[in-house]
Amino acid sequence: MTAAERQPTAPPASAVLTALLQAADQEVPAAVALRRELHATPELGGHETRTASRVAAALGEPGAPSVTTGRLVRIGAASGPSVAIRAELDALPVTEQTPVAWASRNGASHACGHDVHLAALTVAGRAVRRVGGPLPLVAVLQPREESYPSGAQDMVGSPQLEAQDIRAMVGVHVHPDIARGQVSVGPGPVNAAYDEVTITVRGRGGHAAYPHETRDPVLAAAHVILALQHLISRRTDPMHSAVLTIGTVQAGTAANVIPEQVVLTGSLRTFEPADRASLWSAVSATAGATAEAYECTAQASFARGEPVLNNDPALATATAACLAQAGLHVVEPLRSCGSDDFAYYCARYPSLMMFAGVGQPGTPDGPGLHHPAFLPPEGAVGEVARAMLAGYVAACSAGLPGAAAQAHRDATDRMRIAPDGGGRGPH
Ligand SMILES: [Zn+2]
């Protein structure tokens, strides 16, 4: 065996990806300008019509069909199998604190980087329109990622999306914990299932100087919060990731009054369906029994949010090879108890969510996602577009034929739990 023969064989470069990347480079300057425009004029969830129109126009189809406040732009043959890329339209109700001239002044802000995703998707879409691709590309301009009810559920349940014959769905989210030029493309579960819980603790109010004549729900609620902590540490297999956070406590109106009730809200994040079910009942039982010890009552109600975000392993592997060709470095998979409504697509189609690094060297404590000063650099537009194109080309050739995709749909249909209105799942 010669030295040359012992060299590891690099995967063959995809000619179509090379052509798409070259075309994409031509589109980046206009997309960076579009990103500034979208960033300066953000719209909140449920109100993204102008943003959606602007991006649909940039993708070459201003009259693209609507799904609630979202749009679907199909590029390529009008029928037959396709690959979809999702980008989120909505901003957050966060007052921006960045120094750029194109900062938002309307009280909302793209503090989650969705402006970058949208601009990057115009790069990818215009590149496919310019040089063609193995399959049509469907740009899914999704509303309400950050607010209730989930815009992904609108899309997944819509006849308009079903008509696209989608074989795979790709998403990319910027992430400040990953360095620029690096991408996480983990197979399997990368984000948790998300539910919201509301616990109402009721007692008997009265004068603060006469607590013996009341049943103080504030004290009972304090013990409920403490008691709930044992559900993760003592009742959940330590090898299973789960987290329960009580985020709000609403009680009382005056320092010298014992109120009638306290309302707690919290978020429950799990990866195992069995943990999700058992923790719902354990939260109810623990809250009720603890309140009862103080002669109060507690009732828990739940709003079901996103399922686990499960990346298709074959798609992840195929995309990793294409990312290298796109000049991006694959890093250890980022997995977290964050959540994203992209998970609804995963439950319907073979899907892949990548995390693209926007972390700046030397600023490990820089602003994170949803922070008023979070501002991915402009170079992220081209990098996210390259990651999207890598995922698109991989999905076109990853051996996800119609039969396999249909089998995936059938399997996930069987696992599906009927949505009951849905909770919220910000990252
Ligand atoms: Zn986001």
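What this report covers is the structure whose coordinates are included nearby. (Residues numbered from 1 in each chain as written. Predicted model: local features only at pLDDT ≥ 70, side-chain atom pairs only at ≥ 80, totals over all residues. Heavy atoms only, no water.)

Some details on the overall build of the protein chain
Right, so step 1: What the protein chain contains, in helices and strands, is 13 helices and 16 strands.
Right, so step 2: Taking 427 residues into account, the globule formula puts the C-alpha radius of gyration at 22 Å, and the protein chain, at 24 Å, falls close to it.
Right, so step 3: Dimensions of the protein chain, computed from C-alpha atoms along their principal axes, come out at roughly 85 × 55 × 45 Å.
Right, so step 4: Burial analysis of the protein chain (427 residues in total) assigns 51% to the buried set.
Right, so step 5: Long-range pairs, those at least 24 residues apart, make up 83% of the contacts in the protein chain between residues at least 6 apart in sequence.
Right, so step 6: Accessible surface for the protein chain amounts to roughly 17900 Å². Of this, 56% is attributable to carbon and sulfur atoms.
Right, so step 7: Averaged over its 30 positive side-chain charges, the protein chain has a centre that lies 4 Å from the centre of its 38 negative ones. (Helix = DSSP H or I, 4+ residues; strand = E, 2+ residues; numbered from the N terminus. Rg over C-alpha atoms; globule rule 2.2 N^0.38 Å. Buried < 20%, exposed > 50% of the residue type's maximum accessible area, 1.4 Å probe, protein only. Contact = heavy atoms within 4.5 Å. Areas by Shrake-Rupley, 256 points an atom, 1.4 Å probe, with all protein chains shown as cover. Lys, Arg positive; Asp, Glu negative; His and termini not counted. Charge placed at Lys NZ, Arg CZ, Asp CG, Glu CD.)

Points about the pattern of salt bridges
Right, so step 1: The tally for this structure, following the rule as stated, stands at 16 salt bridges.
Right, so step 2: The partner of R180 in a salt bridge is E383, and the shortest N-O contact between them spans 2.7 Å. Here E383 lies in helix α12 (residues 379-397) and R180 lies in the loop between β5 (166-179) and β6 (182-184), a separation of 203 residues in the sequence.
Right, so step 3: Residue classification places E383 among the buried residues on the basis of a relative accessible area of 18%. (Salt bridge = Lys/Arg side-chain N within 4 Å of Asp/Glu carboxyl O.)

A few points about the state of the cysteines
Right, so step 1: According to the stated counting rule, one finds 0 disulfides in the structure shown.
Right, so step 2: Cysteine C322 shares no disulfide, and the gap to the nearest cysteine sulfur, in C396, comes to 9.6 Å.
Right, so step 3: Overall, the relative accessible area of 10% leaves C322 in the buried class. (Disulfide = S-S within 2.5 Å.)

Thoughts on the sheet that holds strand β8 (residues 193-202)
Right, so step 1: Taken together, the 4 strands give an open sheet; going across it, the order is β10-β12-β8-β13, and neighbouring strands pair in antiparallel fashion. Edge positions in the sheet fall to β10 (242-251) and β13 (297-304), since each has one partner strand and no second. Pairs of neighbouring strands in the sheet enclose a mean axial angle of 20 degrees, with direction left out of account.
Right, so step 2: On the sheet, helix α7 (residues 217-228) packs against β8, β10 and β12 (261-270) and is oriented at approximately 10 degrees with respect to β12.
Right, so step 3: Together, β8, β10, β12 and β13 form the strand contacts of helix α9 (residues 273-293), whose direction differs from that of β13 by roughly 160 degrees. (Pairing = 2+ DSSP bridges. Axes fitted to C-alpha atoms, helices over the stretch in contact; angles between N-to-C directions.)

Section: unusual backbone geometry
Right, so step 1: Backbone torsion omega between Y148 and P149 reads -10 degrees, so that peptide bond is classified as cis.
Right, so step 2: Counting through the fold element by element, P149 comes out in the loop between β4 (137-142) and α5 (151-156).
Right, so step 3: Although it is not a glycine, R144 sits at a positive phi angle of roughly 45 degrees.
Right, so step 4: As for its position among the elements, R144 is in the loop between β4 and α5.
Right, so step 5: The exposure class of R144 is buried, given its relative accessible area of 10%.
Right, so step 6: The phi torsion at D165 lies on the positive side, around 55 degrees, for a residue other than glycine.

Side note on the sheet that holds strand β2 (residues 70-75)
Right, so step 1: Strand order across the open sheet formed by 8 strands is β1-β2-β4-β3-β5-β16-β6-β15, with mixed pairing between neighbours. Each edge of the open sheet is held by one strand with a lone partner, namely β1 (66-67) and β15 (329-331).
Right, so step 2: Of the strand pairs in this sheet, strand β3 (residues 82-88) and β5 are connected by 5 bridges, and their pairing is parallel. From the neighbouring strand, A84 faces β5, where its bridge partner is M169.
Right, so step 3: Contacting β2, β3, β4 and β5, helix α4 (residues 114-131) crosses the sheet at an angle of about 155 degrees to β3.
Right, so step 4: Packing against the sheet, α12 makes contact with β3, β4, β5 and β16 (351-359), and its axis sits at approximately 145 degrees to β5.

Remarks on the packing of helix α2 (residues 15-40) against α12
Right, so step 1: Here α2 crosses α12 at 145 degrees, and the two axes come no closer than 9 Å. The chirality of how α2 crosses α12 is right-handed. Facing α2, whose interface residues are V16, L17, L20, L21, A24, D25, V28, A31, V32 and R35, α12 presents V381, G382, R386, L389, A390, Y392 and V393.
Right, so step 2: Looking at the contact of α2 with α12 residue by residue, the class counts come to 13 nonpolar, 1 polar and 3 charged. (Left-handed = near helix turned anticlockwise from the far one by under 90°. Nonpolar A, V, L, I, M, F, W, Y, C, P; charged D, E, K, R; others polar.)

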